[in-house]
Amino acid sequence: MNVRQLDISRRSIALAAALIGTVSLAIGAHAALNMRALDAAKAVSTDQVTGSVSQTSSRLALVIGNGHYPDASAPLTQSINDARALSSSLRKNGFDVDMVEDASKDDMVRAVNRLKSRIKRDTTVLLFFGGYGVQAGRESYMLPVDAVIWKERDVRRQGISIEGVLEMMKEQGAKAKLVVVDASRRNPYERRFRSYSHGLAPIGTPDNALILSSASPGKVVDDGKGEHSTLVTELLNNLNAQGTAESVFNKTRVAIARASEGDQVPTVSSSLLEDVHFDQAGG
């Protein structure tokens, strides 16, 4: 083999090696892309599964704690504490909780709409409201912190009807509807258009519903000095006890009536057609 042939052979070997290297790089890059695509697909799949689980939860709760009303002489600190403590307890019992603090009218409307979009036929739904409530036209309204109220008709425009939320739950086919209303307080609004404050109206109970209100219809109660309201204090004491939701609400009512020597008697209204439990072990 002469020098020229040797040189050609060397160039051929070098070209072949370069070609092999290029092919290897291409294969490696393709494999890396495939791995990245697989990882991305796994991530999307995980998100979809997680979203699916969240969207089909059989126990939903909307918890609203409104404490800082500009028209009030002092904030309702208990309402915020109550919402946080109740949310924590409900989560431990398997509820998927949407908690809103110091909610404006828009905040409350959005929260109710979020709840509406997630209710399924097998869903147990709980609504808690702590703050100021006013009755107007024989309905009870939850008031947002940005409510501007000078006349009774302002209540219907600015507030969120509890009966309206219950009707929405019914229309969406919720299996059971639980409501806790801690809003029978003297407030700065009714004094503007009434000579006295007379609490909340009786709350209509649709089929398969259970309602606990902090006082009898037409009555107002003063807040205590504790971290939590009297209603939520006793409710938390009974929430993890064995038994049905109806028994929990009734035990709470009796405990408050006894502790206040009859000055505060909560109302429990039930049209439940089946047993509902707060603790997951009970169903």
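Here's what I pulled together on the structure shown here. None of the values given here were measured: they were computed from a predicted structure.

### Considering the pattern of salt bridges
Thinking step 1. Taken as a whole and assessed by the stated rule, the structure comprises ten salt bridges.
Thinking step 2. Two residues, Arg-114 and Asp-98, come together in a salt bridge whose shortest N-O distance is 2.8 Å. Highlighted residues: Arg-114 in helix H3 (residues 105–118) and Asp-98 in strand S2 (residues 96–101), separated in sequence by 16 residues.
Thinking step 3. For Arg-114, a relative accessible area of 38% corresponds to the partly exposed category.
Thinking step 4. Sharing partners across several salt bridges, the network here consists of Glu-152, Glu-190 and Arg-194.

### Digging into the packing of H3 against helix H5 (residues 162–171)
Thinking step 1. Contact geometry of H3 with H5 gives a least axis separation of 9 Å together with a crossing angle of 20°. The orientation of H3 with respect to H5, classified from their angle, is roughly parallel. The handedness of the crossing between H3 and H5 comes out as right-handed. Taking contact as the criterion, the partners of Val-112, Leu-115 and Lys-116 in H3 are, on H5, Val-165, Met-168 and Met-169.
Thinking step 2. Of the residues assigned to the contact of H3 with H5, the class counts are five nonpolar, no polar and one charged.

### Side note on empty space enclosed by the protein
Thinking step 1. Enumeration over the complete set of coordinates arrives at two cavities of 30 Å³ or more.
Thinking step 2. By volume, the largest cavity is sized at about 50 Å³.
Thinking step 3. Forming the walls of the largest cavity are Asp-182, Ser-214, Val-221, Asp-222, Asp-223, Ser-229, Thr-230, Leu-231 and Gln-264.
Thinking step 4. Tallied by class, the residues present in the lining of the largest cavity amount to two nonpolar, four polar and three charged.
Thinking step 5. Of the pockets and cavities examined, the second largest cavity occupies roughly 40 Å³.
Thinking step 6. Elements that contribute at least two residues to the lining of the second largest cavity include exactly helix H2 (77–92) and helix H7 (230–239).
Thinking step 7. Among the residues making up the lining of the second largest cavity, the classes are represented as eight nonpolar, no polar and no charged.

Procedures and definitions
Residues numbered from 1 in each chain as written. Predicted model: local features only at pLDDT ≥ 70, side-chain atom pairs only at ≥ 80, totals over all residues. Heavy atoms only, no water. Salt bridge = Lys/Arg side-chain N within 4 Å of Asp/Glu carboxyl O. Helix = DSSP H or I, 4+ residues; strand = E, 2+ residues; numbered from the N terminus. Buried < 20%, exposed > 50% of the residue type's maximum accessible area, 1.4 Å probe, protein only. Axes fitted to C-alpha atoms, helices over the stretch in contact; angles between N-to-C directions. Parallel < 35°, antiparallel > 145°, perpendicular 65-115°, else oblique. Left-handed = near helix turned anticlockwise from the far one by under 90°. Contact = heavy atoms within 4.5 Å. Nonpolar A, V, L, I, M, F, W, Y, C, P; charged D, E, K, R; others polar. 1 Å grid on protein atoms, 1.4 Å probe; cavity = no way out; pocket = protein on both sides within 12 Å on 5 of 7 lines; lining within 4 Å. Points joined across faces, edges and corners; volume = space filled by probe spheres on them.

Without other data, these values stay purely geometric and don't point to any function.
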